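Observations on the three-dimensional arrangement
So you can see what is in the structure, the chains are spelled out below.
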Amino acid sequence: MGGALLCLVCSLATAAVQPIRIGVPGAFTGGSAPMGLSMRNGIRLAAAEINRSGGLLGRPIELVERDDGGLPARGIKVAQQLLTQERVVAVVGFVNTGVALAASKNYQDARVPVMLAVATAAILTRQFPLHGNSDNFIFRVAAADDLQAPLIVREAVQRSAYRKLAIFADNTNYGYQGLMELERALGQHGLKPSYVARFNLQERDMANALLQARNAGSQAILTYAIGPELAELANTMARMDWKVPIIGSWTLSMSNFIDNAGPNGEGARMVQSYIPDEDDSGRRRDFLDGYQWLFHTRRIPSPPSAAQGYDGMKLLAEAIRQAGSLDGVAIVHALENLRQPVAGVITTYKQPFSRTDHEALELNVPVIGKVERGRVVYAYPADKLRQ
């Protein structure tokens, strides 16, 4: 009898400290890897801090990481695995728009909350209509495309006074969504693109499209693509000796753009949610020091991805604390009604979500960065002062 009682006590004790399993799907290989690995490390850093302070609900966080390679079909399989085999209670992740579009319905149907940390298509947080008692399980800590595109166009049209603007976008869902948003933003200024180019991943021949853009009198190129193809764009422009600005989405800060373009990427400007700076203090300094110490590196391949992953994990953790539960609906309702501010890297979040708005970042958050001597810096000193 005593042995049976002891076994029961041991079983109860073991059950009480079972970890809280959080899924982390993302592109950890392939052209999007700088974003995926940075995001993953940001999430790891946040989880480590939470675990050091006692975990959540008296239990440690266990991250269940899966590489989708940026491929939508693999993303669906990863979702099914995380839900049915790993039984995660929530997810922080997603790098590629196409993967998120393909896989997010799996989590919505399973009533498992998702915190998008990188994928930016505006529709992602709005595709599941809110009516009656239904709940939307998709949230985001990243600058959505309909937030980025107007800032890109403002940079080109209002700050630089360009009127003839070409758009270069890749043939992924990311490029398609970005192209639509850029065209819409240009239309708000009474403009249409001077030229539109679409290209495939691993494209190695940009010359013809760039020639047509130049012949159309384009004064700058607006971009929606990822690092390797953006580098090919910049390098081809240099070979053509065509010197016009490149202004685009946040992916121009990826390490595989900066490294592969080298001096040809200098001056490229992009929307950024977070720019590491040597003068950082407070939570930004702590984040940067913690990242560099934990991962033994001086460089973050995609700083916004790391910061968004970190902040997304922190917001999800606060919602679980407030809910006092791992029930998906309870976590969603807590996220929509967060009572305590959450100090993140990008900003301090004060009730960032509501029933009808699952976007954490607003117009006043992103800034414009530029490539300078192989790193991204603030394009405008005033932006640095308001961070």
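Residues numbered from 1 in each chain as written. Predicted model: local features only at pLDDT ≥ 70, side-chain atom pairs only at ≥ 80, totals over all residues. Heavy atoms only, no water.

1. Looking at the environment of Glu 372
Structurally, Glu 372 can be placed in strand E13 (residues 367-372). Along the chain, Glu 372 and Gln 80 lie 292 residues apart, while their C-alpha atoms are 42 Å from each other. The contact partners of Glu 372, leaving out residues within four places of it in the chain, are Glu 266 and Val 377. (Helix = DSSP H or I, 4+ residues; strand = E, 2+ residues; numbered from the N terminus. Contact = heavy atoms within 4.5 Å.)

2. What about the pairing of strand E2 (residues 61-67)?
Here strand E1 (residues 20-26) runs beside E2; their pairing, made up of 7 bridges, is parallel. Its bridge partner being in E2, Pro 25 is matched across the sheet by Arg 66. At this point the chain moves from E1, through helix H2 (residues 33-52), to the parallel E2, and the crossover so formed is right-handed. (Pairing = 2+ DSSP bridges. Right-handed = clockwise from strand over helix to strand, strands pointing away.)

3. What about the packing of helix H4 (residues 97-110) against helix H6 (residues 173-187)?
Contact geometry for H4 and H6: axes closest at 6 Å, N-to-C directions at 100°. When the axis of H4 is compared with that of H6, the two are roughly perpendicular. Seen from H4, the contacting residues are Thr 97, Gly 98 and Leu 101; seen from H6, they are Asn 173, Tyr 174 and Gln 177. A breakdown of the residues in the contact of H4 with H6 according to their chemical character gives 2 nonpolar, 4 polar and no charged. (Axes fitted to C-alpha atoms, helices over the stretch in contact; angles between N-to-C directions. Parallel < 35°, antiparallel > 145°, perpendicular 65-115°, else oblique. Nonpolar A, V, L, I, M, F, W, Y, C, P; charged D, E, K, R; others polar.)

4. Overview of the sheet that holds strand E9 (residues 246-248)
Sheets are built from strands that pair by backbone hydrogen bonding, the pairs being arranged parallel or antiparallel. What the 7 strands build is an open sheet, ordered E7-E6-E8-E9-E10-E13-E14; its pairing is mixed. Each having just a single partner strand, strand E7 (195-199) and strand E14 (375-378) make up the two edges of the open sheet. Strand after strand, the sheet turns through a mean of 30° between neighbouring axes, direction not considered. As paired strands, E9 and strand E10 (residues 269-272) are joined by 2 bridges and run parallel to one another. The partner of Ile 247 across the bridge, within E10, is Arg 269. Contacts from H6 reach strand E6 (165-170), E7 and strand E8 (220-224), with the element oriented near 160° to E6.

5. Regarding the side chain of Ser 253
Its place among the elements puts Ser 253 in the loop between E9 and helix H9 (255-261). Accessibility expressed as a relative area gives 3% for Ser 253, which makes it buried. Polar contacts involving the side chain of Ser 253 include one to the main-chain carbonyl oxygen of Trp 250, which spans 2.8 Å. Beyond its immediate sequence surroundings of up to four residues, Ser 253 is in contact with Ile 258, Met 270, Gln 272, Pro 301, Pro 304 and Val 376. (Buried < 20%, exposed > 50% of the residue type's maximum accessible area, 1.4 Å probe, protein only. Polar contact = N/O pair within 3.5 Å; in protein donor to acceptor, adjacent residues only side chain to side chain.)

6. As for the side chain of Thr 120
With respect to the helices and strands, the residue Thr 120 is situated in the loop between strand E4 (114-116) and strand E5 (138-140). There is a polar contact of 2.7 Å between the side chain of Thr 120 and the side chain of Asp 145. Setting aside residues up to four positions removed in sequence, Thr 120 forms contacts with Thr 97, Arg 140, Ala 143, Ala 144, Asp 145, Gln 148, Tyr 174 and Trp 250.

7. Some remarks on the environment of Glu 86
Among the secondary structure elements, Glu 86 is positioned in the loop between helix H3 (72-85) and strand E3 (90-93). Distance in space between the C-alpha atoms of Glu 86 and Asp 259 is 37 Å, their sequence separation being 173 residues. Setting aside residues up to four positions removed in sequence, Glu 86 forms contacts with Arg 21, Val 64, Arg 66 and Gln 81.

8. Remarks on the packing of helix H11 (residues 303-323) against helix H12 (residues 328-336)
Close contact between H11 and H12 brings their axes to 8 Å; oriented N to C, the two are set at 110°. In terms of their interaxial angle, H11 and H12 are classed as roughly perpendicular. The two elements H11 and H12 cross, and the hand of that crossing is right-handed. Facing Leu 315, Leu 316, Ala 319, Ile 320, Gln 322 and Ala 323 of H11, the residues of H12 in contact are Ala 330, Ile 331, Ala 334 and Leu 335. (Left-handed = near helix turned anticlockwise from the far one by under 90°.)

9. Side note on the sheet that holds E5
Across the sheet, 5 strands lie side by side as E2-E1-E3-E4-E5; this open sheet has parallel pairing. Sheet topology places E2 and E5 at the edges, where each strand pairs with a single neighbour. Put simply, the sheet's adjacent strands are angled 25° from each other on average, direction ignored. Contacts from H11 reach E1, E2, E3 and E4 within the one sheet, and its direction differs from that of E3 by about 160°.

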